[in-house]
Each structure stands twice: as C-alpha cells, then as structure tokens.
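Geometric and topological summary
Chain by chain, the residues run as shown.
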Amino acid sequence: MNKIVHIKPPQKLLRFFRWFCDPDLVEDLEGDLIELFEERAGSSISRAKTLFIRDILFMFRPGIIKNFEGHKNLNNYGMLKNYLKSAWRNLMKYKGFSTINILSLSIGMAACMVIFLFIKDERSFDAFHEKKDTIYRLCEVQSFPGTNTQNVALSMPGMGPTMTAEFPEIENFTRFRSFGEQLIEVGDQRIMIENISSADSSFLSIFDFPFISGDRNTALNNPYDAIISKETALKLFNQMDVLGETFTINGDQCKITGVIENVPENSHLQFNILLSIRISTQDNPGFDNQFGSNFLNTYFVLNENADLDAMSKRYPDYLSSHIQRDDDINEFYKLFLQPLPDVHLASTDIEHDYNNHRKFNGTYIDIFILIGIFILIIASLNFMNLTTARASNRAKEVGVRKAIGAVKGQLFNQFIVESILLATLALVFAIFLAFISLPLLNNLIDRQFGIVTLFSNLEIVMVIIGATLLLGVLAGLYPSLYLSSFRPVIVLKGFKSYEKKSYFRSSLIVIQFSLALGMIVSTLVVLQQLNFMKNKDIGFGKDHILLVQMRGEAGEKYEQMKQALLGESNILGVTASGQRLGSNFHQWGFKVRKDTGIVSLTPSNVFVDHDYLDVYDIKLLSGRTFSKDFETDDGNAYIINKAFADELGFENPVGKRAAHAWYPDDSLGTIIGVTENFNFNSLHYKVNTLSMVVHTDWGYSEMSIKINGENITQSIQDVERIYNQFVTDYPIRYEFLDDHMQQLYESDQQMGSVITIIAVLSIFIGCMGLFGLASISIQRRIKEVGIRKVMGASTMELLTILSKNFALMILIAFVLATPLTFLFLSGWLDNFAYRIEINPLIFFVGGLLALVIALATISFHVVRAANANPIKSLKYE
C-alpha cells in the first residue's frame, strides 16, 4: 500500500473545482480528491499532480457542475450550442475560406508536431539513467605546441581511480573503452559483432541499462566476464537463456554473466557486448595508474554538493602530481567535466569523440523551435487576415444580432468559439497529415518517429489540446474583437461605406511574408553551404575509394593482396594507413632539430604505405614522396603538410632532421617532403599540423582501394574475390570513403532538410492566405474591373493595377527580413572553419522568388475577373 503524504494538491485547480462544483457535492468530492492525491503522492508527486488534473477535468460535466443562477445557466448552455451551430453553418457557407483556414492551420500544426517529435527524440538522449543529473564525462582541453588547441572527450586510464580517491566530491567512476567490430567465435560459429567495449564493474551501477538476466552488481567483477544484448544473444546462441555460456574474442574465452535489453537508440553509449575492463588489467597490471595516452572515456558520479568550479582549481595540482615527467603539463592539459545531458547535444566543439552515438548540434534545436513558432504564426495570420477581410460578409449578421439584444461579450464569445472549432478541426487534419508524412521524413533524416508517441503520455495529450485551444483563442482574438465592435446602425445602413483600408491587415501580410522570405533565403544559403562542403576541393581524392578493414591475416598478407588487386583492370590503386581520413588523426610527440637545438611539438600523425600520396592524389609542394628505393623511408622519413611547415618556421623544411618524440636526439630522421594542406578532418575545423610516416612493421588498420568509378559493381566483386582468396579468419568489411565523409555533416544535412521542408510549407501557407485575400480584394473591386475593361484596359494592365498593393507589401517584407536573416545566417556560418560568404544577390533571388509566387497566386483571380463579362461586373453589388 502506498504511503500517504500530506502534500497540498495544486490550489488553483482546487479553486477551479470549487467554482464549478455543485455546493451540495463540494465537500464529499473535494475530500475524495485530496485523499486520492495524497495517496498517489506517496509514490510519485508528479504523477499525482497529473492524475489530479485529469480527475478535475473529468468532473467538469453535467451532474456535477452547479447551476449558475438558475435560468441564466440554461441560457449559457443554449448559447454555447447556438455558437457551435452558428460556427458550423459559417464554416459550411464559406467552404473555400474555411478550407484555406483549416488547411493552413493543419499544415502548420502538423509541421510543429513533427518538429516536436524531433526535439523530443534529441532531448531524450541518456534521460533514462536515474543518476543522469550527477553523471559527468571527463574531458580535456589539449594545447600542445605545434598543433591546434582542441577539446577531446578522451582521458587516461589512471584518471578514473586516482581522481575518485583524491576528490571527495566524486562518489564513483567508470571507464568505457571501445574496440569497435570484432570477430566472435562460438563453437564452430564465427560472427562479426559491432560495438564491442569494456567497462569497469561500476558501469552497471552508474548507468541504468535494463537487465534481462544476471546480477548487475557482480556481472563485470572478473576479468573475462561479459554481458551481451538480447539481439546479440539471439545472433550468437539463437536463444535468450545464455548465462554461463562462453565465447572467444581475440583468443580470450569470456563467460556471459548478464543479458540486457538492446541498448536504446537514444543512448550516446552503444554496445552489443560489454567486457570487464579487468581484461586490460590482466595483461597490464599498471593499467589503473597509467598516464600519458588518452584512449578511453571516464565518467564520474558526483555528490549533490559538488562544486565544479572549486574542483577545477585543484586539477592543476592533480595533474602535476601524477604526470611529473613534464613540467609544462598544465600548459598542455586542462581538465573539465561535461554533464551527461550535454554529451549528445553540446559536443560539437569536442574532437576525438568516438563514443557519442548520433552526436547532434544542440543549437539546431533552438532553430527548429523558432521555425516551428514561425510557421504557426504564418498559419494563424492567415486566419486573422481572412476573417477580418470577410468582415463585410459578417457585418449584417452582427448588426442583426446586436439589434435584437446581443451584447458585445456574447458576440465575442461566438467568434472565439468559431475560431476554437476551426482550430480543433485543424488538429484532426494535422494528426492525419503528420501520420502520412512521417515515413517520408523518417527516411529523409534517418529517424524512426511514430505518431503514437504524441499520445503515449497524458501530459503531451493535455499540452496538444491546450495548445490547440490557445491557438484558437489567440488566432480568433483580434477578429472577434474587431467583428463584435461593429455598431448596428452603421452596419445595417451599409457596412462597405464604413469599412476602410486596414493597415493592421497589411501589417500581418508583411509579417507573414517576412517570415516566409527569411526561410526561403535561409534555405538557399544552407543548401549553398552544404553544396560547398560537398564539392569543396579538400586536397585529396575521396571518390571511388573503398576502405577495407585489415585484421588478422589481412594485415599479414597485405602486400600479397595488394599485388593481386593491382593486377585487376578495375583497381586503379591500393594503399594502406593506420587511420582513416576524416576521423581526426591522433597527436603524437614530434621533435625537430633547429639552429637553437631540439624543439618538441605535437602535430597530428598518421602512418601510411609508400604510395599513400599517389593513391589519394595529395599534392606535393616540395621534396619527394615516400619510395621503397630509399631504405630509410621506412621509419625515418617524414612528409609534413604546409600548416606544419609554417609552424616549424623553416624557409625550406625539406632535409631538416626530425623524428618521433621517443627517438633519441642522435638518431633523427629527415623531412623529405611538404604537401599542400588537405582537410583530413571535417570542414568544421581548420587544417591542423600533420606529419606522415611509413612504418611497415606496425601493421595497418585499413586498406584504401581506388576502384573504377564506371564499373563499381565488378570492382567490388574483384576486391571481395581477392580478399577471400587470401583471408580466411575475418570476413571482408568495407565502406566507401565518400559515405564516411558524408557522415561528418549528418547533423547539418538534417537541419538543411528540415529547413527546406518548412520553407516550402511556409511559402505554401502564405500563398494560401494570399489566394484568399486576393479573392476578397478583387471581389470588392469587381465593379472597378468592369469599368476599366469597358474603358479598354488590358488583362496585363488590370494585373498591374490589382497586384501593386501586394507587391508593395512583399517589398516591405523584403526590407524587413533581409537584415535579420543576414545576421542569423552569419551566426550559423561561423560554426564552420570553411564557409561560403553570403552573396547579397541571394536575397534578391529569394525576394524575387517570393514575389513571383505571390503574383502567380493572385493572378488566378485577376485573370478570371479580367475575362469576366463586364456587364455582369457592373451589375455586381
């Protein structure tokens, strides 16, 4: 039984209940409500409040609602029924305008629903962990000499245990180390499994990945313990009952001690098999005190009173005490803690962020919220504009109602009810539109949204209903005030003579088209930037490069495979490297001899095969490329990029003595060449300093095969055939380099897709409103059209006369939207180290596009009026 807690229920709701409830029932019902609330609050206060809201709303019904002053109450019910009947008749009477209003509102609401699903999904990352507010990821700011300053999410193995021991604010820690895809052997079965990692046993008490079987408190206690996901259990054993079963990975036999549900898509950490990190300490007893290299992620749980600023002041002493070999350690490293909720959405400035699934630029969330509001405003303005523009049609109705005794408040309520009814109908259509458009959107932005999410939570349902009612009230507020203010004497005498040009209505059109125009220009600029990134010369050839992983035999038989591949006509080049282009190469220590002595720097480094520059078409500025003709090129020759050459400050660095940091000063190698700068990381970052070296004895992680772009299918078949001839221990795994490079801009591509869709919808909604307004405007001037036709005016002249007001409003919208849009886009482009400059011409293109679309929209009515019989036009009243 739930514990009863004496917490007061929401008092405003209680007052609302007392206001509407029959006095004879108040005491009993209120007592029951409070008792239920207190009982529920014992288990969850937020749930108790939600259910309390539901209970109050359910009681707002006949039988419980009190009589408000006898017969007057009956009149109110009758009036409400009358309002609804009147609203429905008006919707049916003006079907065209009703369709425009409902359709534009429903498109706007459907767009907002989709944006809501997108934002909800992005913000749900890691929210299922109970300790999410006290979990932090350890990060570093690295400022090594000779390289760009960068934030990294990696840390050293010794940092977790030692910081926990020395910082009382830290309650617990865990480390997470990823091994990527590995070959798993179960009996005779050999299967490649992705996302294999290791972690401390505390991982399962810090993160709440749900267990299906096993004990989460002891599951990773021993060196060869492993937990696996449900999907992996089925893949390896074809059953779920696998506790105690074993598998082999890299020659180690591991025992399954736990089975968990598949890791949720909204977790930044992804794994299918989680090994005990003690498998590392087994091979390296000093692992827990290892400092120097950063290659894993460390997470801390802090106590509630932890002061992050106070902790950060003690980091320098901590680093000095543990990395004593370097006096400048605090110049090179600065530690900081990143809250778990920020890892997914606020890590765009963090490099080497290898364990951050679907990392997303959180600033785009604010942009999506903004454009959601914009499109709702555009749709609401349609309703306000069309309703007030049709005032003359409703004026006589208002006059008659007022003449027979209706007061202003009653008329106001009538129009508000009409607006709410329209918003409610739009909600129904919006749900339908969202439902049919989600599959297409999911395919476009690689998500799995479902409309059912909107109705899975009572709070969300209440928010949708509340937002719809609010939208109905806000959209109908001005038209209701406007229409209910008519004086019966004037409207019964003839409203048209009373009605004047509405500057307010014109202002609404200007606002509407300012927003639409801003989104058109934003779309053009975003697409330009994406196209720029796609087509920019990044300094190497990335097309038709097949990347093949090299493990086991593949590494041992690389040279034989390479020669066999080069014998195929569809293979244009083969090389290999320790890291992949686009993945931000690791930084190592590097030393160079200058006139003043040995200078140490830390550029990015990658070890490559001799023909790496040739296969990737990387251009040399000076010196030569690697060659097997020179024995010293294997381990003692370095090719650097121009950025590193500039950093070194030599007039001609070729021939200078240089080497890795661990080489003795008397055995330095030689810089043999300098390349042009090429973007080995994404275009979000400037080109870093880089050194390339050949180490044939180190083994490569990946083979790069340039294939014939005109015969891709056959080329891949050739590669697979030759790989399978030489390699039997690992199945082939390959990926195209341009696909990998495309993933670097996934977040930007998704924002571009959403903005493009919303821009098209916003201009469509705006044009729907314009279409309706043009119809009303031309109808009012139909007699003028007839006279002008009789006087000899051509269709083009009529189009010019009738369109100039709309053109003027779009011109004003252009003037207003241009500076604001420019500022917004400049801020967005600042996120890229390599960006386009905004061409002022693009604003004129956007404005011209909006003008042409608007004129095309209203020309339908103009042409129809111009082609009408002028006698009928002159008779029209």
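Here's what I pulled together on the structure shown here. (Residues numbered from 1 in each chain as written. Predicted model: local features only at pLDDT ≥ 70, side-chain atom pairs only at ≥ 80, totals over all residues. Heavy atoms only, no water.)

**Overview of the overall build of the chain**
Summing up its helical and strand segments, the chain has 29 helices and 24 strands in all. Judged by the C-alpha coordinates and their principal axes, the chain covers about 105 × 80 × 55 Å. A burial count over the chain gives 50% of its 877 residues as buried. Taking as baseline every contact in the chain between residues at least 6 positions apart, the subset at least 24 positions apart corresponds to 78%. Surface summary for the chain: the accessible area is close to 40800 Å², and the carbon and sulfur share equals 56%. Taken as two groups, the 79 positive and 91 negative side-chain charges of the chain have centres that lie 19 Å from each other. (Helix = DSSP H or I, 4+ residues; strand = E, 2+ residues; numbered from the N terminus. Buried < 20%, exposed > 50% of the residue type's maximum accessible area, 1.4 Å probe, protein only. Contact = heavy atoms within 4.5 Å. Areas by Shrake-Rupley, 256 points an atom, 1.4 Å probe, with all protein chains shown as cover. Lys, Arg positive; Asp, Glu negative; His and termini not counted. Charge placed at Lys NZ, Arg CZ, Asp CG, Glu CD.)

**With respect to the side chain of Asn101**
In this structure, Asn101 sits in helix 5 (residues 95-123). Note on Asn101: relative accessible area 2%, which makes it buried. Those residues in contact with Asn101 that sit more than four places away from it in its chain are Asn382, Phe383, Leu386, Thr387 and Leu422.

**Comments concerning a negative patch on the surface**
A cluster of acidic side chains, namely Glu27, Asp28, Asp32 and Glu35, defines a negative patch on the protein surface. Note on placement: Asp28 falls in helix 2 (residues 23-41). Residue classification places Asp28 among the exposed positions, given a relative accessible area of 55%. (Patch = residues over 30% accessible without salt bridge, like charges linked within 9 Å, V, L, I, M, F, W, Y side chains within 5 Å. Salt bridge = Lys/Arg side-chain N within 4 Å of Asp/Glu carboxyl O.)

**Overview of the packing of helix 3 (residues 45-59) against helix 16 (residues 458-484)**
Relative orientation of the contacting elements helix 3 and helix 16 amounts to 50°, with a least axis distance of 10 Å. Judged by the inter-axis angle, helix 3 sits oblique to helix 16. Crossing angle aside, the handedness with which helix 3 passes helix 16 is left-handed. When helix 3 is examined against helix 16, the residues Thr50, Ile53, Arg54 and Leu57 are found in contact with a partner set consisting of Leu458, Glu459 and Met462. A class-by-class count of the residues in the contact of helix 3 with helix 16 yields four nonpolar, one polar and two charged. (Axes fitted to C-alpha atoms, helices over the stretch in contact; angles between N-to-C directions. Parallel < 35°, antiparallel > 145°, perpendicular 65-115°, else oblique. Left-handed = near helix turned anticlockwise from the far one by under 90°. Nonpolar A, V, L, I, M, F, W, Y, C, P; charged D, E, K, R; others polar.)

**What about the environment of Leu25?**
By the element assignment, Leu25 lies in helix 2. When its relative accessible area of 30% is taken as the criterion, Leu25 is described as partly exposed. Note: C-alpha distance between Leu25 and Pro157 (132 residues apart in sequence) is 67 Å. The residues contacting Leu25, other than those within four sequence positions of it, are Gly63 and Ile64.

**Re the nonpolar core**
Grouped together as the largest cluster of nonpolar side chains are 161 residues, with contacts concentrated most on Phe368 and Ile705. The element best represented in this core is helix 5, accounting for 15 residues. Contact partners of Phe368, with chain neighbours within four places excluded, come to Ile115, Phe118, Ile119, Phe360, Met751 and Val754. One finds Tyr136, Phe291, Leu302 and Leu335 within the second-largest nonpolar core, a separate group that totals 22 residues. (Core = buried A, V, L, I, M, F, W, Y, C linked by side-chain atoms within 4.5 Å.)

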